[in-house]
Amino acid sequence: MSASGPHRAGFSLHPVVLWSQTAEVISLSVQLVEPKNHQLQAADTHIQFRAAGRGAHGLADYGFRLDLYSHLHQDPEGTYCQVFDNRLEIYLKKAKSAWWPRLTAQAQKPVWLKVDFDRWKCEGDGIEDSEDEHRDVMNDYPGMYDKLQKEEMGYRKDIKKVYLICYNLFQFIGFLYVLCVMTVRYSKYDVESMVSTYEHVGSAMKFLQLMQFLEIMHPLFGYTKGGVLQPFFQITGRAIILFAMIETEPRMQVKPVVFYLFIIWSSIEIVRYPYYITQLYKRDIYLLTWLRYSLWIPLYPLGIICEGIIVLRNIPYFEETGRFTISMPNKWNFAFHMPSVMRLYLLLLFLPGLYVMLRHMYKARVLKLGLYRKVVIRKSN
């Protein structure tokens, strides 16, 4: 029976079904709210399903039959259904471990059957989730993924990809400009150039830093993988150093530590942003990947040390000027002493923050470079 077989099998109403796969398992997500009385029958190359629930046509009985692309495993425990309040999840174990180019036996599939692209992930070898350490079918089988996406949508929705490429390219050019200006000025004026570093590249650095706040929004809107907290703390921490510690205190702007800090920040970013661009194109350049996950070893500790020096050197300046300090009495009946907060930062957050960041980057390095070697070995074999 063909993929249009549900009509001949007597099913008048079909639920919306989302399908995805790993190399071993087919997953079907049947979109029914408050499902009841479900029946699932699976044979060698086809399945049949019935259930009552609230679907696209309201509260009714729904069902479908699918003739599958290949064979299912004969183990009865390999096929089962989990019931949730808003859907049913059907799991079908494949007879052989392999990626199917489509779900149904015939190329034309029913209109109610959709590809669940968000769940097209490989098993990942048991490694925990990280920002960009997933293995997925887009990397392993890019041609298959593109074909399925074109069949499903009719065209590639590349707006997000184009935006991310433009953003990363803009940031790369910006930080490269900052680094080049400082390098050229240092080559001409030696250490004397450090005094006027902020005067010449401070505006560009402030703009680039403000742009980085978009990286907090990217995971919120699904533009990138990963969580929000890590970029939030990292970018906000940099912004506090740049805008609160350096921008507001002219005496700090002429210190050599600002030159060193800008060199460190720019060196990190001119590697990070090109790496992100290569990931958007599903390309791996080993040298760039190695730099992305190795350059932090010397630069992150040095950067945090420079930030700590800036905070420490600013304490007497903030004591003198009273900047950001709120003294009693006032109409809010509230007191805030900025130098005490800065001392607390150095005491409680500086070393623990350094440990947490380095630990995270170390785990990411082991995971990414280890996974890269596995992929190279698998392809060579």
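Residues numbered from 1 in each chain as written. Predicted model: local features only at pLDDT ≥ 70, side-chain atom pairs only at ≥ 80, totals over all residues. Heavy atoms only, no water.

Another aspect to go through is the overall build of the protein. In terms of regular secondary structure, the protein is built from 12 helices and 8 strands. The buried share of the protein, reckoned over its 381 residues, is 42%. Long-range pairs, those at least 24 residues apart, make up 68% of the contacts in the protein between residues at least 6 apart in sequence. Of the roughly 20900 Å² that the protein leaves accessible, carbon and sulfur atoms contribute 61%. (Helix = DSSP H or I, 4+ residues; strand = E, 2+ residues; numbered from the N terminus. Buried < 20%, exposed > 50% of the residue type's maximum accessible area, 1.4 Å probe, protein only. Contact = heavy atoms within 4.5 Å. Areas by Shrake-Rupley, 256 points an atom, 1.4 Å probe, with all protein chains shown as cover.)

Strand order across the open sheet formed by 5 strands is β6-β7-β2-β1-β8, with mixed pairing between neighbours. What marks the edges here is a single partner per strand, and that holds for β6 (79-83) and β8 (113-115). Averaged over all adjacent pairs, the angle separating strand axes in this sheet is 25 degrees, with direction ignored. Sheet topology places strand β1 (residues 16-21) next to strand β2 (residues 25-31); 6 bridges connect them, and they run antiparallel. (Pairing = 2+ DSSP bridges. Axes fitted to C-alpha atoms, helices over the stretch in contact; angles between N-to-C directions.)

Moving on: the nonpolar core. The biggest cluster of nonpolar side chains holds 44 residues, and the ones touching the most others in it are Ile241, Met245, Ile246, Phe262 and Ile310. Secondary-structure elements contributing two or more residues to this core are α4 (159-189), α5 (197-212), α7 (229-247), α9 (256-280), α11 (296-321) and α12 (338-380). Looking at this core element by element, the count peaks at 12 residues for α9. Excluding residues within four positions of it along the chain, Met245 makes contact with Ile240, Met252, Ile310, Val311, Asn314, Phe318, Met338 and Met342. Ranked by size, the runner-up nonpolar core spans 22 residues in total, among them Ile26, Leu68, Leu72 and Leu113. (Core = buried A, V, L, I, M, F, W, Y, C linked by side-chain atoms within 4.5 Å.)

Attention shifts here to α9. Here α9 spans 37 Å end to end across 25 residues, near enough to the 36 Å set by a 1.5 Å rise per residue. The element α9 is extensively covered by neighbouring structure, given that 20 of its 25 residues are classed as buried. Immediately downstream of α9, the backbone of Lys282 shows phi near 60 degrees, a positive value. (Expected span 1.5 Å × (residues − 1).)

Our focus in this paragraph is the environment of Asp67. Along the chain, the position of Asp67 falls in strand β5 (residues 58-67). Reaching out from Asp67, the side chain makes a polar contact with the side chain of Arg65 at a distance of 3.4 Å. (Polar contact = N/O pair within 3.5 Å; in protein donor to acceptor, adjacent residues only side chain to side chain.)

Let us look at α4. Given a rise of 1.5 Å per residue, 31 residues ought to cover 45 Å, and the 45 Å separating the end C-alpha atoms of α4 matches this to within 8%. When we look at burial in α4, the residues that qualify are Leu164, Ile165, Tyr167, Asn168, Gln171, Gly174, Phe175, Val178, Leu179, Val181, Met182 and Arg185. Looking at the buried side of α4, the elements it contacts are α5, α6 (214-220) and α9. Positive phi shows up at Asp190, right after α4, with a value of about 60 degrees.

Moving on to the pairing of strand β4 (residues 46-55). Examined bridge by bridge, strand β3 (residues 33-42) and β4 share 6 bridges and lie antiparallel to one another. Along β4, the bridge assignment pairs Leu40 with Phe49. Counted between consecutive antiparallel strands, the loop separating β3 from β4 contains 3 residues. Where β4 lies against β5, 10 bridges are found, and the strand directions are antiparallel.

So, to be careful, I would describe these as geometric facts and stop short of saying anything about function.
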